[in-house]
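Listed below are the residues making up each chain.
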Number of protein chains: 2
Amino acid sequence: MIVTSSIPVKTLERLLLYRWTLKNYLDPENTHIVSRRLSEITGFSPAQIRRDFMSIGYSGSSAHGYKIKDLINAIDKAICPHSAQNIAVAGIGQLGKAVINYIQGRSTLLKIKAAFDNDPEKINKVFHGVRTYHTDEIEKIIRKEDISMAILALPPANAQEIAMNLVNAGVKAFLNYSPIKLNLPEHVYIENRDMLLAVEKIAYFARSLKKGTDENEGIS
Amino acid sequence: MIVTSSIPVKTLERLLLYRWTLKNYLDPENTHIVSRRLSEITGFSPAQIRRDFMSIGYSGSSAHGYKIKDLINAIDKAICPHSAQNIAVAGIGQLGKAVINYIQGRSTLLKIKAAFDNDPEKINKVFHGVRTYHTDEIEKIIRKEDISMAILALPPANAQEIAMNLVNAGVKAFLNYSPIKLNLPEHVYIENRDMLLAVEKIAYFARSLKKGTDENEGIS
DNA sequence: TACTACCTGTGAAATATTTCACAGCAGAAT
DNA sequence: ATTCTGCTGTGAAATATTTCACAGGTAGTA
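Within each chain, residue numbers correspond to sequence positions counted from 1 in written order. Lettering for chains starts from A, numbering for ligands starts from 1, and both go in the order in which the items are written. This being a predicted model, a pLDDT of at least 70 is required before a residue's local features are given, and a value of 80 or more before pairs of side-chain atoms are given or counted; all residues contribute to the totals for chains, interfaces and linings. Values reported for side chains reflect all heavy atoms of the structure, with hydrogen atoms and water molecules removed beforehand.

A. Examining the protein's contact with DNA strand C more closely. Around DNA strand C, a shell composed of 23 residues is seen, among which Arg36(B), Arg51(B), Ser59(B), Gly60(B) and Tyr66(B) lie nearest. If even one non-hydrogen atom of a residue comes within 4 Å of a molecule or strand, that residue is called near it. Counting only the atoms of DNA strand C within 4 Å of the protein, the fraction contributed by sugar and phosphate is 64%. The term polar contact refers here to a pair of N or O atoms within 3.5 Å; inside protein, the definition further demands a hydrogen-donor-capable atom paired with an acceptor-capable atom, and it admits residues adjacent in sequence only when both atoms are side-chain atoms. In this structure, Ser35(B) approaches DNA strand C through a side-chain N or O atom, which is 2.8 Å from a phosphate oxygen. Here a phosphate oxygen of DNA strand C sits 2.6 Å away from a polar atom, N or O, in the main chain of Gly60(B). Secondary structure follows DSSP: runs of H or I at least 4 residues long count as helices, runs of E at least 2 residues long count as strands, and numbering of each begins at the N terminus. Looking at the surface near DNA strand C, the elements that each hand over two or more residues are α1 (9-25) and α3 (46-55) of chain A together with α2 (35-42) and α3 (46-55) of chain B. When residues are grouped by polarity, Ala, Val, Leu, Ile, Met, Phe, Trp, Tyr, Cys and Pro land in nonpolar, Asp, Glu, Lys and Arg in charged, and all others, Gly among them, in polar. Looking at the surface near DNA strand C residue by residue, the classes come out as six nonpolar, ten polar and seven charged.

Put into structure tokens, the structure is as follows:
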């Protein structure tokens, strides 16, 4: 058995997107898909798609392309959880609730099991099946619910401290929507999703494309 | 004068982060910064940081490093708007409101000028200074307010159609939080931010890091 | 002035990622 | 059975991105 090293992050991201796309595409009419078609849908090149599937060891047929059901299974095996992984949301303001709204129920194995906040008003309220606890209870609840991931949707002032508490309780990976650079131990994974930076990024492209007759005019 | 071609996307992202970091770092004590220090804060290597600044033509001093104020200006000149750019939010549910909450007021030149929804309950309400209009008015409002960018926070069912209406009205770039692959003309820029994919991504790392004594065990 | 320490800017090397291009296969058609 | 078509898998090339490593600069110190 070949024990390959880990999948490159970019490949991982594409695989997740293929998986999601394929689930939508699959129906009795469409049991198979060829790389060119998937390319049209996702925007990645056919060659890249084939290479990505190669990287997880899935082979298609030269006549019908890839069998969608098997392909999804292969992606699952390579990069999706085999057992439940539980999530906490820190900060149960508008964004925290939006995240719960958005995530909860969309995955069978990834579940939000608790929310944390320090506003007494919010404690013990249940939203979409998620109970909010006081941040003092992080240690206890994280261990009790076996939570290994957290989504931060907090005001920046508290984010660092609360993230550190979560790490100490056993959280290994963060999705950080708070506009702050977290300073956490090396072994913790952090994915930053600052909305303002995202808007600034698209603003750059909106400008480049504004009057552009061609696409290359980043700096003038 | 050298008219370089456009900045690579990854460099752009880092520059935006430097800019934000530097703004926080700047105070009477810290007028200058060296690449090593900025590396400690941002996690990018000193060589990369120097090269990024090189790419926008900003030079530091070999004695004191980079003068923060000038550096921020140089980044502004290279990648930030020189005049106002207006934004619309499509879908004024929990996520749409969270986005407005988060963005509005954090940038002087990027402003959310309108929201769209088709729930009659929401029309004409004003939230953080942003009025919600019916989606039928997209064409009119986008042109009136000179909006070139849109943030999509809609249920997937409507997203494609509304995005297309926005494009027809003149929107050039999208930040898409709806879990859907948009099919829009080539010249439109789309930045996808599906939250579920983001969670699945961190879940992958949470697993790899769970019991790992070393960091390379993506597939076992 | 001379020496030290530490920094930037950058060519060149290293690495990572994507694309090219084609051999080889499998079903369809005749 | 043979030919045709269109697809996958993949070595090799191309491209993009990051790091190395060091020349050269500037301030501080004696």
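Having seen the structure, we can now continue with the description.
B. Highlighting the relation of the copies chain B and chain A. The copies were overlaid with a least-squares fit restricted to C-alpha atoms from residues scoring a pLDDT of at least 70 in each copy. Aligned on chain A, chain B shows an RMSD of 0.0 Å; the corresponding rotation is 180° and the shift along the axis is 0.0 Å. Taken together, these values place the two copies in the relation of a two-fold axis. Whether two residues are in contact is decided by their heavy atoms: any pair within 4.5 Å suffices. Both copies share a contact surface, since 100% of the interface residues of chain B are interface residues in chain A too.

C. Representation of the environment of Lys97(B) in the model. Residues and elements named next belong to chain B. Structurally, the position occupied by Lys-97 is in helix α5 (residues 94-103). With a relative accessible area of 29%, Lys-97 lands in the partly exposed category. C-alpha separation for the pair Lys-97 and Phe-127, spaced 30 residues apart in sequence, amounts to 7.7 Å. Per-residue accessibility, obtained with a 1.4 Å probe over protein chains only, is compared with the maximum for each type, and a residue is labelled buried under 20%, exposed over 50%, and partly exposed between these values.

D. Highlighting the nonpolar core. Residues belong to a common nonpolar core when they are buried Ala, Val, Leu, Ile, Met, Phe, Trp, Tyr or Cys residues joined through side-chain atoms within 4.5 Å. With 110 residues, the main nonpolar core has Ile79(A) and Ile79(B) as its most contacted residues. Leaving out residues up to four positions away in the same chain, Ile79(B) has contacts with Tyr204(A), Arg207(A), Ile7(B), Leu12(B), Leu15(B) and Leu16(B).

E. Spatial organisation of the domain arrangement of chain A. Bear in mind that the domain bounds are from an automatic or database domain assignment. Each domain of chain A was delimited in the assignment, giving domain 1 (9-79) and domain 2 (85-197). The straight-line distance from the C-alpha centre of domain 1 of chain A to that of domain 2 of chain A is 32 Å.

F. Focus on the side chain of Ser178(A). Summarising the element assignment, Ser178(A) is placed in the loop between β8 (173-176) and β9 (189-192). At 2.8 Å, the side chain of Ser178(A) forms a polar contact with the backbone oxygen of Leu154(A). Contact partners of Ser178(A), with chain neighbours within four places excluded, come to Leu152(A), Ala153(A), Leu154(A), Ala159(A) and Tyr102(B).

G. Structural detail: the sheet that holds strand β5 (residues 126-127) of chain A. Residues and elements named next belong to chain A. A pair of strands is considered paired only if DSSP assigns at least 2 bridges between the two. Spatially, the seven strands line up as an open sheet ordered β5-β6-β4-β3-β7-β8-β9, and their pairing is mixed. The open sheet terminates on both sides in strands that have one partner only, identified here as β5 and β9. Sheet topology places strand β7 (residues 147-152) next to β8; four bridges connect them, and they run parallel. Residue Leu-152 lies in a different strand from β8, and its bridge partner there is Asn-176.

H. Here's a closer look at α1(A). Expected helix span is computed as 1.5 Å times (number of residues minus one). The first and last C-alpha atoms of α1(A) sit 24 Å apart over 17 residues, in line with the 24 Å expected at 1.5 Å per residue. Burial analysis of α1(A) places twelve of its 17 residues in the buried class, the great majority of the element.

I. Looking closely at the packing of helix α6 (residues 138-145) of chain A against helix α7 (residues 156-169) of chain A. Residues and elements named next belong to chain A. Angles run from 0 to 180 degrees between N-to-C directions of axes, and those axes are lines fitted to C-alpha atoms, restricted for helices to the stretch in contact. With their axes 9 Å apart at the nearest point, α6 and α7 run at an angle of 45° to one another. With respect to α7, the axis of α6 lies oblique. For α6 against α7, the interelement crossing comes out right-handed. From α6, Ile-138, Glu-139, Ile-142 and Arg-143 reach across to α7, where they touch Ile-162, Asn-165, Leu-166, Asn-168 and Ala-169. For classification purposes, an angle smaller than 35 degrees is called roughly parallel, one larger than 145 roughly antiparallel, one from 65 to 115 roughly perpendicular, and anything else oblique. The hand of a helix crossing depends on one turn: near helix anticlockwise from the far one by less than a right angle means left-handed, and clockwise means right-handed.

J. The pairing of β9(A), seen in detail. Residue and element names in this part refer to chain A. What you see with β9 is a clean split: Tyr-189 and Glu-191 sit on the buried side and Ile-190 and Asn-192 on the side with no burial. Across four bridges, the pairing between β8 and β9 is parallel. In the strand pairing of β9, Leu-175 is matched with Glu-191.

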